[in-house]
Amino acid sequence: MDYFKKINKAVPRFDDKVGYKIKTKNEIDTLQVNLTRRCNLSCKHCHLSCNPNRSEDMSMDVADKVIDLLKNYDFKTLDITGGAPEMSQVCKYLISNASMFGKKVMIRSNLTIYNDPKYQNIPNFLKENKVYIIASLPFYEKKKTDKMRGVGVFGDSIKVLKTLNSLGYGKNPDLNLNLVYNPSGAMIPQSQEELEDVYRTKLLDEYKIVFNNLFVITNSPIGNFGKWLDKSNNLNRYMKRLYNSYNPVVINDVMCRNALSVDYDGKVYDCDFNLSLKMGVKSSNKTIFDISKYDLEDREIVTANHCYSCTAGSGSS
């Protein structure tokens with residue numbers, strides 16, 4: 001990953017900018033699991049370079065250990081991601097088990113997967129288990145969304161959002177539907193509050209769609225997006241934008257401080273971005289099969305210059 005070396009040379013080191021080592025909070029309450037690299041889409045901004053041709057998937061052995069971790073270390077939330085996590089053989093298994101003993105379960109979905117006949121039953125399954133849906137909709141207009149994710153993606157996403165609304169998502173207090181915005185180029189997003197107001201108005205007026213919250217994500221300069229930045233000669237400019245927009249106030253709320261990320265093979269990371277880069281936790285115990293509670297608590301987080309994306313401006317939700 002030559003572009004990653006360029007990222008770390010483009011601006012001063014993240015650790016030097018912060019001035020101290022970032023550590024986890026006392027309570028690690030979220031267990032994020034990346035189930036698969038398989039996806040029905042191949043998106044320009046994907047930090048994991050997922051696509052339909054990839055086959056990596058979590059085994060039942062790893063899934064069982066995830067359930068053990070949820071029980072033994074009192075995680076409050078199971079955060080399921082991918083790829084398209086719905087395409088994993090263990091997706092429903094994890095949701096059913098986590099819901100059974102009262103954990104909050106979130107799934108990060110690209111929405112369009114639910115148009116595939118193989119996965120059309122999943123929205124009802126999510127409703128039955130009161131799963132929080134975090135749905136990617138890079139923009140509220142067709143042109144920009146299709147440019148990032150492929151022709152027809154916006155229309156397919158709108159169709160699914162209407163289905164989710166019909167099931168009560170975004171309307172019923174127990175059925176939470178949140179949307180995610182990503183910039184389409186080498187830019188830092190505007191404020192979350194302003195964008196949420198625009199999204200809410202546009203989607204309601206034009207499509208009668210409602211949702212709970214909009215989360216704004218600053219694209220990380222890795223994976224597909226990092227490669228695009230490098231090839232388009234935008235990498236240095238983007239890194240300088242991130243660096244100049246660094247906001248020390250948001251460090252307290254970055255996700256890595258209260259979460260542990262587990263890959264499909266059971267290896268553990270501080271966050272999904274470090275997972276993409278194979279930058280494991282500093283603990284000597286690198287998988288969920290040998291990690292201890294001591295490894296989780298007061299953990300020094302592994303950082304590099306891609307971390308500027310989570311600390312720029314108002315932060316990355």
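Residues numbered from 1 in each chain as written. Predicted model: local features only at pLDDT ≥ 70, side-chain atom pairs only at ≥ 80, totals over all residues. Heavy atoms only, no water.

Asker: Please clarify how the pairing of strand β2 (residues 77-81) should be interpreted in this entry.
Answerer: Put simply, side chains in a regular strand alternate between the two faces of the sheet. In terms of residue burial, β2 counts as a mostly covered element, since five of its five residues are buried. Judged from the five bridges that link them, strand β1 (residues 30-34) and β2 form a sheet pairing that is parallel. Its bridge partner being in β2, V33 is matched across the sheet by I80. In this view, the connection linking β1 to its parallel neighbour β2 by way of helix α3 (residues 60-72) has right-handed handedness. By the bridge criterion, four bridges tie β2 to strand β3 (residues 104-109) in an arrangement that is parallel. Note on β3: the bridge partner recorded for D79 is M106. (Buried < 20%, exposed > 50% of the residue type's maximum accessible area, 1.4 Å probe, protein only. Helix = DSSP H or I, 4+ residues; strand = E, 2+ residues; numbered from the N terminus. Pairing = 2+ DSSP bridges. Right-handed = clockwise from strand over helix to strand, strands pointing away.)

Asker: Can you walk me through the packing of α3 against helix α4 (residues 91-100) in this structure?
Answerer: The angle between the axes and the distance between the axes are what describe a pair of packed helices. Packing of α3 against α4 leaves a shortest axis separation of 10 Å and a crossing angle of 20°. One finds that α3 runs roughly parallel with respect to α4. For the element pair α3 and α4, the recorded crossing hand is right-handed. Here M60, A63, D64, V66, I67 and L70 of α3 come into contact with α4, specifically with Y93, L94, N97 and A98. (Axes fitted to C-alpha atoms, helices over the stretch in contact; angles between N-to-C directions. Parallel < 35°, antiparallel > 145°, perpendicular 65-115°, else oblique. Left-handed = near helix turned anticlockwise from the far one by under 90°. Contact = heavy atoms within 4.5 Å.)

Asker: Just checking my understanding: could you explain the pattern of salt bridges for this structure?
Answerer: Note that side chains of opposite charge can pair when their charged atoms are close. One pass over the structure, following the stated rule, counts 16 salt bridges. Among the ionic pairs, D263 bridges to R37, the shortest N-O distance being 2.8 Å. Of this pair, D263 sits in the loop between β7 (259-262) and β8 (268-269) while R37 sits in the loop between β1 and α3, and the two are 226 residues apart along the sequence. The buried category is assigned to R37, whose relative accessible area is 3%. In this structure, R299 and D270 form a salt bridge, with 2.8 Å as the shortest nitrogen-oxygen distance. One end of the pair, R299, is in the segment after α12 (293-296); the other, D270, is in the loop between β8 and α11 (272-277), and 29 residues separate them in sequence. Side by side, R299 and D270 carry an identical accessibility label, which is buried. A single network of salt bridges, built from pairs that share partners, joins R13, D15, D16 and K21. (Salt bridge = Lys/Arg side-chain N within 4 Å of Asp/Glu carboxyl O.)

Asker: Explain the nonpolar core here, please?
Answerer: Buried together is how nonpolar side chains tend to be arranged in soluble globular proteins. Counting 69 residues, the largest nonpolar core has L31, V33, L94, L126 and Y199 as its most contacted members. Apart from the residues within four sequence positions on either side, L31 is in contact with V66, L69, L70, F75, T77, L78, D79, L260 and V262. Ranked by size, the runner-up nonpolar core spans 30 residues in total, among them V18, I222, L277 and Y308. (Core = buried A, V, L, I, M, F, W, Y, C linked by side-chain atoms within 4.5 Å.)

Asker: I would appreciate a short explanation of helix α1 (residues 2-10) in the present structure.
Answerer: It helps to recall that an α-helix has 3.6 residues per turn; residues three or four apart then point in one direction. Of all the residues in α1, the buried ones are Y3, F4, I7 and A10. One side of α1 holds all its buried residues, which, seen down the axis, span an arc of 120°. Across from the buried face of α1, at angles greater than 90 degrees, the exposed residues are D2, K5 and K9. Its buried side turned inward, α1 meets α9 (223-231), α10 (235-244) and α11. (Arc of directions from axis to C-beta.)

Asker: Help me out: how do you make sense of unusual backbone geometry in this one?
Answerer: For residues that are not glycine, phi is negative in most cases, and the peptide bond is trans in most cases. With an omega of 25°, the peptide bond between G82 and G83 qualifies as cis. Of note, G83 is situated in the loop between β2 and α4. Notably, S49 is not glycine yet its phi reads approximately 55°, a positive angle. Its location among the elements puts S49 in the loop between β1 and α3. Here N233, not a glycine, exhibits a phi torsion of approximately 60°, which is positive.

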